Amino acid sequence: MLRVAVVGSGPSGVYTAQALVQQSLVPDVHVDVLDRLPCPYGLVRYGVAPDHEKIKSLQNNLRTVLEDERIGFIGNVEVGAHGLAPARLLELYHAVVYCVGAARDRRLGVPGEDLPGSCSATDFVSWYSAHPDAAPNGFALGGARSAVVIGVGNVAVDVTRILARGAAELLPTDVPHAALGALAQSGVREVHMVGRRGPSQAKFTTKELRELGGLPDAAVGVEPSDLELDPGYADPSGLPAVNRRNVDVVRGWASGSVPSSPGAPGAPGTAGERAASRRIHLRFFLRPVELLEGDGRVAGVRFERTVPDGSGGVRGTGMYEEIEAQLVLRAVGYRGVPLEGLPFDAARGTVPNEAGRVLRGGVPSPGEYVAGWIKRGPTGVIGSNRPCAKETVTSLLADAAELWARPLAGEPLDVLRELGHRPVEWPGWLAIEEAEAALGRSLGRRSVKIADWAGLLEAAAPGMEAPGAEVGAPPKLPAA
Ligand code: NAP
């Protein structure tokens, strides 16, 4: 039997496992999908926004794959911890495919970036997604009136939308209770989403952008003087389809021809003259140069006005604009992090590879592969991981005869336990799901995510970790 470990149970890991068991070249194959967390699904569970239920429901497809009898889930096992270096893992499996994603946020590199109140959007997403590494009470939003979101990609749209939604709209989702309480207390009324280039160059996709205009209690506004700077806005005919559609949506908001929410009259060129509790300001051609301080916290962002440089980029103009903000979220992309024992291309934030084969010193390393963001960088939608995984599996299968010949050093689960790991297998994950359903019932909500390590491990295997799942007193929530 060909024994393969897939490290990471997000979409790229699960699609890799699926491609491995669905092929016919090597019929006798077993795949263990390992994850650092006791829960599977990676960014589908901990990155897709709670109000994106359709995308979230992709978990059902991933579940079907992980329930295949030729696939095992081994959670709560961190490669790199307890002596489980990549070299050790390779003694237990004929092949290892790293699907570990791009775990860190990129930084701006401007003064004031680390002021209290300035955070990465990744941290904010982790918090409202109940990632156990995020502090459950990490964001107190009561003192903030205005937020600046830096970047105009889909993560920026997600965090803008969550800030602009009322907590009541999130009550039916699985958002953790502490985060829901903080959102209910939120004083944020103005959200500025700011791009350094123009609307025709923004990275968001149209469906996500359009959704901002459909929020029940938020108005969207754009600044006509920002739009005029963009040649692609004036003449979108040569743009790729997605950028053209984005421009159409922005143009609709600018002209007021598209109401910023159903039934709303719209507000030409302004941030919503109609009555709405919150306003979203879409801004362009502003690049952050400094986060401003007031009373020891972030108080605003200083931007330099940019103009197109004629070759797709922008140049500064020496003109500045400040936007007040008590909360600043930088949503300027993810980056991969090195895994000790694996080669790493720091400039690209990926593991060097050739069609998924890990390269050590420029030469394929037998038995080591990558797929997903750690292979190609943090781009594309969830579905992009499918062809990416297939390519890697094709390489692996071409190498299978050689890999198979190598003797292995014991039963992986036994060895992991000997090393001091405490694996959570599939039944443990199902127990977590059941505990989350029970938590939801006890709070009068649907399934609610457990947001801390102790609570997750206690649910997976009572006694595994000292009890202490800090659910806390239910916060004051609005009526649904
Ligand atoms: P992204 O799509 O790469 O967008 C990053 C944004 O940050 C861009 O607007 C970029 O501007 C800007 N930026 C980068 N460096 C900057 C700097 N120093 N100063 C100011 N702005 C800066 O990254 P992302 O939003 O993190 O998304 C990552 C991936 O996840 C994408 O493929 C995305 O589609 C996907 N995703 C999808 C969904 C969904 O489908 N609903 C949700 C979330 C994420 P420039 O273009 O000028 O560089």
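Residues numbered from 1 in each chain as written. Predicted model: local features only at pLDDT ≥ 70, side-chain atom pairs only at ≥ 80, totals over all residues. Heavy atoms only, no water.

### Notes on the overall build of the chain
We count it as follows: Every helix listed is a DSSP run of H or I at least four residues long, and every strand listed is a run of E at least two residues long, numbered separately from the N terminus. Atoms counted for the radius of gyration: C-alpha only. Globule rule: 2.2 Å times residue count to the power 0.38. Using a 1.4 Å probe on the protein chains alone, a residue whose accessible area is under 20% of its type maximum counts as buried, one over 50% counts as exposed, and one in between counts as partly exposed. Should any heavy atoms of two residues lie within 4.5 Å, those residues are considered in contact. In these tables, accessible area is a Shrake-Rupley quantity obtained with a 1.4 Å probe, and a residue counts as shielded only by the protein chains included in the view. Positive residues here are Lys and Arg, negative ones are Asp and Glu, while His and the chain termini are left out of the count. By convention, the charge on Lys lies at NZ, on Arg at CZ, on Asp at CG and on Glu at CD.
The helix and strand inventory of the chain stands at 18 helices and 19 strands. Its C-alpha atoms give the chain a radius of gyration of 24 Å, within 12% of the compact-globule value 23 Å for 480 residues. Within the chain, buried positions represent 55% of all 480 residues. A separation threshold of at least 6 residues defines the contact pool for the chain, and within that pool the share at least 24 residues apart is 73%. As displayed, the chain offers around 19800 Å² of accessible surface, 53% of which is attributable to carbon and sulfur atoms. Charge centroids of the chain, computed over 49 positive and 55 negative side chains, lie 4 Å from each other.

### Concerning helix α13 (residues 241–255)
Worth spelling out the cut-off: For a helix, the expected span equals 1.5 Å multiplied by the residue count minus one.
Helix length check: α13, at 15 residues, gives a terminal C-alpha distance of 21 Å against a target of 21 Å (1.5 Å per residue), a fit within 8%. Here α13 has its buried residues at Asn-243, Asn-246, Val-247, Val-249, Val-250, Gly-252, Trp-253 and Ala-254. Against the buried residues of α13 lie α10 (206–212), β9 (218–222), α11 (224–227), α12 (231–234) and β10 (278–283). Phi turns positive one or two residues past the end of α13, at Gly-256, with a value near 80°.

### Considerations on the domain arrangement of the chain
Where we set the bar: All the domain ranges listed were derived from an automatic or database domain assignment. Summed over both partners, the accessible area (1.4 Å probe) lost when two parts come together is defined as the buried area. Salt bridge criterion: a side-chain nitrogen from Lys or Arg within 4 Å of a carboxyl oxygen from Asp or Glu. Between N or O atoms, a polar contact is any pair within 3.5 Å; within protein, one atom must be a potential hydrogen donor and the other a potential acceptor, and residues adjacent in sequence are included only when both atoms are from side chains. Polar here means any residue other than Ala, Val, Leu, Ile, Met, Phe, Trp, Tyr, Cys and Pro, which are nonpolar, and Asp, Glu, Lys and Arg, which are charged; Gly is therefore polar.
Under the domain assignment, the chain is made up of domain 1 (2–103 + 336–463) and domain 2 (106–333). Contact residues are listed per partner, giving 24 residues for domain 1 and 24 residues for domain 2. Around 2100 Å² of area is buried between domain 1 and domain 2 when both sides are counted, 54% of it from carbon and sulfur atoms. Per-residue buried area on domain 1 facing domain 2 is highest for Pro-50, Asp-51 and Arg-445; these three make up 30% of the total on that side. Seen at the junction of domain 1 and domain 2, the total is three salt bridges. Of the charged contacts in the structure, one is a salt bridge between Arg-161 and Asp-51, with a shortest N-O distance of 2.7 Å. Summed over the shared surface of domain 1 and domain 2, the number is 13 residue pairs in polar contact (both at pLDDT 80 or more). Contributions of two or more residues to the side of domain 1 that touches domain 2 are made by α2 (42–46), α3 (53–56) and α18 (453–460). Its residues placed into classes, the side of domain 1 that touches domain 2 shows twelve nonpolar, three polar and nine charged.

### Re the side chain of His-421
Considering the arrangement of structural elements, one finds His-421 in the loop between α16 (412–419) and β19 (424–425). On the basis of relative accessible area, His-421 is assigned to the buried category, the value being 4%. Within the structure, the side chain of His-421 is placed 3.1 Å from the backbone oxygen of Ala-81, a separation counted as a polar contact. Setting aside residues up to four positions removed in sequence, His-421 forms contacts with Val-77, Glu-78, Ala-81, His-82, Leu-84 and Leu-416.

### Focus: the nonpolar core
Under the convention used in this document: Here, nonpolar core means buried Ala, Val, Leu, Ile, Met, Phe, Trp, Tyr and Cys residues that are tied together by side-chain atoms lying within 4.5 Å of each other.
Phe-124, Trp-127, Tyr-128, Leu-163, Met-193 and Leu-282 are the most contacted members of the largest nonpolar core, which totals 55 residues. Judged by nonpolar contacts, the second largest core, of 46 residues, contains Leu-2, Leu-20, Val-31 and Leu-37.

### Regarding unusual backbone geometry
One non-glycine residue with positive phi stands out, namely Asn-76, at about 60°. Counting through the fold element by element, Asn-76 comes out in the loop between β3 (71–75) and α5 (86–92). For Asn-76, a relative accessible area of 13% translates into the label buried. The phi angle at Ala-355 is positive, at roughly 50°, despite the residue not being glycine. Topologically, Ala-355 is positioned in the loop between β16 (353–354) and β17 (357–360).

### Things to note about the pattern of salt bridges
According to the stated counting rule, one finds 29 salt bridges in the structure shown. The salt bridge partner of Glu-67 is Arg-63, with a shortest N-O separation of 3.4 Å. A salt bridge links Glu-324 to Arg-145; the shortest N-O distance between them is 2.6 Å. In this pair, Glu-324 sits in strand β13 (residues 314–324) while Arg-145 sits in the loop between α6 (121–128) and β7 (146–150), placing the two residues 179 residues apart along the sequence. We classify Arg-145 as partly exposed; its relative accessible area is 48%. Salt bridges linked by common partners bring Asp-51, Asp-158, Arg-161, Arg-165, Glu-169 and Glu-211 together as one network.

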